[in-house]
Amino acid sequence: MKIAIVCYPTFGGSGVVATELGIELANRNHEVHFITYNQPVRLALLNKNIHYHEVVVPEYPLFHYQPYELALSSKIVDTVKEFGIELLHVHYAIPHAFAGYMAKQMLAEQGISLPMVTTLHGTDVTLVGNHPFYKTAVSFSINQSDYVTSVSADLKKSTYELFDTIKEIAVIPNFIEDKNVLDIPAHCRRNLFAENGERIVTHISNFRKVKRILDIVKVFNGIQKEIPAKLMMVGDGPERLGAEKLVKELGIEYKVIFFGNSTEVDSILKYSDLFLLPSETESFGLAALEAMANKVPVVSSNTGGLPEVNVEGVSGFLNNIGDIEGMTKNALTILKDDVTLNKFKEQAYQHSKEFSVEKIVPLYEAIYHKALKNTPV
């Protein structure tokens, strides 16, 4: 198949999943064309089946805001016609599904049918898409898609609750490569992070308020009072300054490392013993899955799609949002001795295999085949 993928090219979960999906499709001998305003951060153009097409938005003084949707839909049309694209897969409802619909209509006038699959990832539906300014357009775009998928059953439920949609939504969870078989360079050794006998606790996110960054510091503070431990904070965002301030107030700054944004996530997770994700909401919890694939058990909140990823008592533990005491207790249960820790590490890794590339990507291919079969030629 010749497939065009439209996504955000950033570190966010939707962009990462879309890029990894495209790479795996290319490995399966599909011809994949990425259409976006920058080269996706995880995309290396070293595969003959992968192509990148940049969306350029000319700046005109007439426009207060430059019309990215217009430029994107035009680029989709041009790419489809030039390369014979058979199917369009857009990730994130705004503005990609709407731009995709406009491209479909322009192509239809020229006698070209282009089936469109829309994948909903989370805040594109529950936060941005639900805003009164966008809700009507998002509902329309979902309903005009040929097929719609969501990354969790919880997100599917939220979409039906928030929008007047008539489309059947297929749940296809995010996926992960088997980190145990990857050749991950060991740029640094564990003893650069922690002393012998110290546990390493890690958090990775964009440090937005929804991630409840201060809760992470508070939980870790409870952990380090009971056992020797270090906290690795990976990422950057608006809540970082508040977290650094709290760390100093608690007098634990020598036990906490703020890495900022890093491309060495797997190397950091490789030496971690526990992953904390106390988010207020998570449509799926890709960061938790990446931790589990690196044999790192997870203590998380029980919100959104997290219970679909993190299994209570198996890959880690679930707690109510804001339950600092409960999260601390569960973290200590996992970290208390090597036997228990190693048991949770192995269980987390084994459960992550349920979300392997080999199991999930064929589900997308099945959707593609249905879309092509049901679209008039």
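Given the structure is predicted, the values throughout are model-derived calculations rather than measurements.

Another aspect to go through is the packing of aromatic side chains. Taken as a whole and judged by the stated rule, the model has seven aromatic pairs. Look at Tyr101 and Phe140: their rings are 4.8 Å apart centre to centre, the planes differ by 90 degrees, and that puts the pair in the edge-to-face class. In this pair, Tyr101 sits in helix H3 (residues 93-108) while Phe140 sits in helix H5 (residues 135-144), placing the two residues 39 residues apart along the sequence. Judged by relative accessible area, which is 33%, Phe140 ranks as partly exposed. Note on Phe317 and Phe344: the rings are 5.4 Å apart at their centroids and 45 degrees apart in plane angle, and the pair reads as tilted. Remark: Phe344 occurs in helix H13 (residues 338-352) and Phe317 occurs in strand S13 (residues 316-319); sequence separation between them is 27 residues. An identical accessibility class is assigned to Phe317 and Phe344; each is buried. One aromatic cluster is present, built from ring pairs that chain together Phe193, Phe259 and Tyr271. Of note, Lys295 hangs over the ring of Tyr349, and the distance from its end group to the ring centre comes to 5.2 Å.

Within the structure shown, the criterion is met by 15 salt bridges. With its nearest N and O atoms 3.4 Å apart, the salt bridge here joins Glu168 to Lys156. Remark: Lys156 occurs in helix H6 (residues 153-162) and Glu168 occurs in the loop between H6 and strand S7 (169-171); sequence separation between them is twelve residues. Across the salt bridge formed by Glu161 and Lys157, the nearest N and O atoms sit 2.7 Å from each other. Remark: Lys157 and Glu161 occur in helix H6; sequence separation between them is four residues, near one turn of the helix.

Here is what the cut-offs are and how they apply
- Residues numbered from 1 in each chain as written.
- Predicted model: local features only at pLDDT ≥ 70, side-chain atom pairs only at ≥ 80, totals over all residues.
- Heavy atoms only, no water.
- Phe/Tyr/Trp six-rings, centres within 6.5 Å; stacked < 30°, edge-to-face > 60°.
- Helix = DSSP H or I, 4+ residues; strand = E, 2+ residues; numbered from the N terminus.
- Buried < 20%, exposed > 50% of the residue type's maximum accessible area, 1.4 Å probe, protein only.
- Lys NZ or Arg CZ within 6 Å of the ring centre and 35° of its normal.
- Salt bridge = Lys/Arg side-chain N within 4 Å of Asp/Glu carboxyl O.

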